[in-house]
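The primary structure of each chain is shown beneath.
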There are 2 protein chains.
Amino acid sequence: MSKLQTVRRLPVEQDRSPVAPEWLNTIIKGDCVSRMAALPEKSVDAIFADPPYNLQLGGDLHRPDQSKVDAVDDAWDQFESFAAYDAFTRAWLLAARRLLKPNGTIWVIGSYHNIFRVGAIMQDLGFWILNDVVWRKTNPMPNFRGRRFQNAHETMIWASKSADAKAYTFNYDAMKAANDDTQMRSDWLFPICSGGERLKDGEGQKVHPTQKPEALLARVVMSSTRPGDTILDPFFGTGTTGAVAKRLGRNFVGIERQDDYIEAATDRILSVEPLDADVLRISAGKRAEPRVPFATLVEAGLVAPGAELTDAKGRWQASVRADGTIAFGGEAASIHRIGAKVQGLEACNGWTFWHVRENGRLRVIDELRQIVRDQMAAAPA
Amino acid sequence: MSKLQTVRRLPVEQDRSPVAPEWLNTIIKGDCVSRMAALPEKSVDAIFADPPYNLQLGGDLHRPDQSKVDAVDDAWDQFESFAAYDAFTRAWLLAARRLLKPNGTIWVIGSYHNIFRVGAIMQDLGFWILNDVVWRKTNPMPNFRGRRFQNAHETMIWASKSADAKAYTFNYDAMKAANDDTQMRSDWLFPICSGGERLKDGEGQKVHPTQKPEALLARVVMSSTRPGDTILDPFFGTGTTGAVAKRLGRNFVGIERQDDYIEAATDRILSVEPLDADVLRISAGKRAEPRVPFATLVEAGLVAPGAELTDAKGRWQASVRADGTIAFGGEAASIHRIGAKVQGLEACNGWTFWHVRENGRLRVIDELRQIVRDQMAAAPA
DNA sequence: TAACGGCCTGAATCATCAC
DNA sequence: AGTGATGATTCAGGCCGTT
């Protein structure tokens, strides 16, 4: 194996043992299936994989201001058919499973385009799903044409090597402590990767179209690996997994085909400063007051469809509709829009403007929203 | 078809038309695959399905020789189980797809145990996934062993019948208005079904193990169906879909095998009060407004031939011609084409781009269009 | 300096009607 | 059925220049 030509060795500190394999903390260039086949079986503690999503995009998409959306149209995301994608998925998952230690676990991230196929194949190959974890994006791209719900999340599958592998690593207490002392849930909230974290080339163009945020990887690594563990990423890209692993005192192995990605990943990982062991702690995402749509009050039964809303002085009435809009004078819109309309203003905070009548007394609907928020306290945003 | 023995007809008001099919607003007793096969093709507008996912649950998951699938403790049985589940899933999805109108959509809810297999099979059968929607539970069951993340969500797949079915129902504006005027995301937050909504038997035991909350179904129904639509639920259970459909002015068809569930669902649906039609009207945006050619504004005298149009910043001027086109630089075309031309763009909405000057102030011509529409509404053709 | 406003961008399976 | 014209549609956040 002519590793010298194809392996990028990175000077990281995690493992200086004389028996450390030569591929540890390196980026191996090449096709992930054949490269994984060349590594020894049962040699990694964890795998994080961000495979192509097979997006199957059609024509161009423009924003309402006519600017063109920079689509993921790279060759590596093109497959001829579902069957071709399935064959590819089966091949890399099989090779990955061979490398996993008996009590290791694997994470795979995807979207609705591919994640169902990935999950079914994982089950077929004997992986045992422990959780599916939803990455909720604070700032997803809108649905510009208004034809679907805003696609605001991606899905990760976390699985052990087999159903009888019970001794996998899960840092339950660390996760609980990081989540205000309540169990870490299967839905995580993080911003997408942007700003200074996003790798750009000399012309200011993003180096990789789908770079993942380090915060997401950090929670993956902190939850299911231990310091000194080895984490394999067969679709290394620009090396988020490697950067986070090094920072958090874990070893990594990356496999990547494209030279430009390898170059960027190398520079990136070289500049990472590993944290002290006692600092290895996950920061909780910032948590604002959860947004509560008015429709939720209707759905929760706090306001009945058909009920009358009125302003504090009883000058205007609007009626609540089942979809969470309110109707006034033949027009229906949100509590804010109708509130603005009746007053002849540009804008209005419907939450503090509208009231319901309860036992003859007016109650501002903002109080009802607080009731919902209290109920939601068990499920923090 | 001996329907009298197997169909529970419910007196609901949604459709009293003499041509309404006999199965409308009924619960059909029996196996969903064969029962769906007995209904006419392309007859329902939407489907909501909450299929079983526990491989031990129900008789559908026996091997072909009728032997019961054993506990899942080795790889071979595991494969057998998945294969049986896949065959069952394929069968009911195929039957369901036959019943769906060309522009109908289907919702399927599941957990990580089954949703990946369901999603992959849906894609294989030609369904086109529009969104995967995450139901985040405010109050999920804790993970008692502390060996995994708290399983705090379930996944719904929303799909059209095929990739080229573009005219499916999606009440974008209603969803947006119901969500404080920002578009509805793919992650929804609802409590699980409990309290008074949860159906209990005489001994206080829950009637159905996985009764879904009505609020969840309400958002499903409000987002992707219209009043008067017909919604099929092939795994009717205790009839949440039927109860919500009736309350929201939609028709339903339920298929269910177990008598006790049918009994509970019947009583439940009979006690539902439908909402008034005017409460159920759907907030529609500009898409639903009648088209008004620009020429109509000229004909109506709202814009004079020869008048100057300008953009909001006064960078470009075009002159109105009597035929409803506008002229710029020796070229005459529609407000949209000229608007695109001057900006060097592919497309442009001329209605929001161009303005007229009135008393020294600019007024967007979209407002003039609204005047025409109001006049049309006052004096309908 | 701080505040504000304009501009840019992100894994996207993103029309419909008349002729 | 195919073609061409119409015209509907965006949220959060980072960055940068101006006030």
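Residues numbered from 1 in each chain as written. Chains lettered and ligands numbered in written order. Predicted model: local features only at pLDDT ≥ 70, side-chain atom pairs only at ≥ 80, totals over all residues. Heavy atoms only, no water.

**Some details on the overall build of chain A**
Right, so step 1: Of the regular secondary structure elements, chain A holds 12 helices and 15 strands.
Right, so step 2: Overall, the C-alpha framework of chain A stretches about 80 × 45 × 40 Å when taken along its three principal axes.
Right, so step 3: For chain A, buried positions account for 54% of its 381 residues.
Right, so step 4: Once local pairs closer than 6 in sequence are excluded, the contacts in chain A between residues at least 24 apart make up 66%.
Right, so step 5: Of the accessible surface of chain A, which amounts to about 16700 Å², a share of 49% is contributed by carbon and sulfur atoms.
Right, so step 6: Considering chain A, the positive charge centre built from 48 side chains and the negative charge centre built from 48 side chains are found 3 Å apart. (Helix = DSSP H or I, 4+ residues; strand = E, 2+ residues; numbered from the N terminus. Buried < 20%, exposed > 50% of the residue type's maximum accessible area, 1.4 Å probe, protein only. Contact = heavy atoms within 4.5 Å. Areas by Shrake-Rupley, 256 points an atom, 1.4 Å probe, with all protein chains shown as cover. Lys, Arg positive; Asp, Glu negative; His and termini not counted. Charge placed at Lys NZ, Arg CZ, Asp CG, Glu CD.)

**Overview of helix α8 (residues 259–270) of chain A**
Residues three or four positions apart in an α-helix share a direction because the helix packs 3.6 residues into each turn.
Right, so step 1: With 12 residues, α8 of chain A should reach 16 Å at 1.5 Å per residue; the first-to-last C-alpha distance of 16 Å fits that figure.
Right, so step 2: Three or more residues of α8 of chain A are buried, namely Tyr261, Ile262, Ala264, Ala265, Thr266, Arg268 and Ile269 of chain A. (Expected span 1.5 Å × (residues − 1).)

**Description of the interface of chain B and chain A**
Right, so step 1: Counting residues at the interface gives 73 residues for chain B, matched by 80 residues for chain A.
Right, so step 2: Taken over both partners, the interface formed by chain B and chain A buries close to 6700 Å², and the fraction arising from carbon and sulfur atoms is 50%.
Right, so step 3: Looking only at chain B, the three residues that lose the most surface to chain A are Phe116, Arg147 and Phe149 of chain B, adding up to 13% of its buried area.
Right, so step 4: Counting across the interface, chain B meets chain A through five salt bridges. (Buried area = accessible area lost by both parts, 1.4 Å probe. Salt bridge = Lys/Arg side-chain N within 4 Å of Asp/Glu carboxyl O.)

**Some thoughts on the protein's contact with DNA strand D**
Right, so step 1: The local shell around DNA strand D holds 30 residues, among which Tyr172, Lys176, Gln183, His336 and Arg369 of chain B are the closest.
Right, so step 2: Within 4 Å of the protein, atoms of DNA strand D come from sugar and phosphate in 60% of cases.
Right, so step 3: Take proline 140 of chain A: an N or O atom from its main chain is 3.4 Å from a base oxygen of DNA strand D.
Right, so step 4: Between a phosphate oxygen of DNA strand D and a side-chain N or O atom of lysine 176 of chain B, the distance comes to 2.5 Å.
Right, so step 5: Residues belonging to the surface near DNA strand D are distributed by class as follows: nine nonpolar, 11 polar and 10 charged. (Near = heavy atom within 4 Å. Polar contact = N/O pair within 3.5 Å; in protein donor to acceptor, adjacent residues only side chain to side chain. Nonpolar A, V, L, I, M, F, W, Y, C, P; charged D, E, K, R; others polar.)

**Details of the pattern of salt bridges**
Right, so step 1: If you walk through the whole model with that rule in mind, you get 37 salt bridges over all chains.
Right, so step 2: Aspartate 124 of chain B is paired through a salt bridge with arginine 117 of chain A; the nearest N and O atoms lie 2.6 Å apart. Placement of aspartate 124 of chain B in helix α4 (residues 115–124) and of arginine 117 of chain A in helix α4 (residues 115–124) is noted, with the two residues assigned to different chains.
Right, so step 3: Classification of arginine 117 of chain A as buried rests on a relative accessible area of 3%.
Right, so step 4: Notably, a salt bridge pairs arginine 363 of chain B with glutamate 367 of chain B, separated by 2.9 Å at the nearest N-O pair.
Right, so step 5: Overlapping salt bridges, with partners in common, bring together Asp86 and Arg117 of chain A together with Asp124 of chain B in one network.

**Let's talk about the side chain of asparagine 114 of chain B**
All names here are of chain B.
Right, so step 1: Topologically, asparagine 114 is positioned in the loop between β4 (100–110) and α4.
Right, so step 2: A polar contact is formed between the side chain of asparagine 114 and the side chain of tyrosine 85, at a distance of 3.0 Å.
Right, so step 3: Not counting residues within four places of it along the chain, the set of residues in contact with asparagine 114 comprises Pro51, Pro52, Tyr53 and Tyr85.

**Things to note about helix α7 (residues 240–247) of chain A**
Residues and elements named next belong to chain A.
Right, so step 1: Counting buried residues in α7 gives seven out of eight residues, a clear majority hidden from the surface.
Right, so step 2: Those residues of α7 lying buried are Thr240, Thr241, Gly242, Ala243, Val244, Ala245 and Lys246.
Right, so step 3: Those residues of α7 that are buried are in contact with β3 (44–49), α6 (214–224), β8 (230–233), β9 (251–256) and α8.
Right, so step 4: One or two positions beyond α7, positive phi appears at glycine 249, with a value near 75 degrees.

**Thoughts on the packing of helix α3 (residues 82–99) of chain A against α4 of chain A**
All names here are of chain A.
Right, so step 1: Packing of α3 against α4 leaves a shortest axis separation of 10 Å and a crossing angle of 45 degrees. By the angle between their directions, the pair α3 and α4 is classed as oblique. In this structure, the crossing between α3 and α4 has a hand that is right-handed. Two secondary-structure elements touch here, α3 through Phe82, Tyr85, Asp86, Thr89, Arg90 and Leu93 and α4 through Arg117, Val118, Ile121, Met122 and Asp124.
Right, so step 2: Of the residues belonging to the contact of α3 with α4, the class tally is six nonpolar, one polar and four charged. (Axes fitted to C-alpha atoms, helices over the stretch in contact; angles between N-to-C directions. Parallel < 35°, antiparallel > 145°, perpendicular 65-115°, else oblique. Left-handed = near helix turned anticlockwise from the far one by under 90°.)

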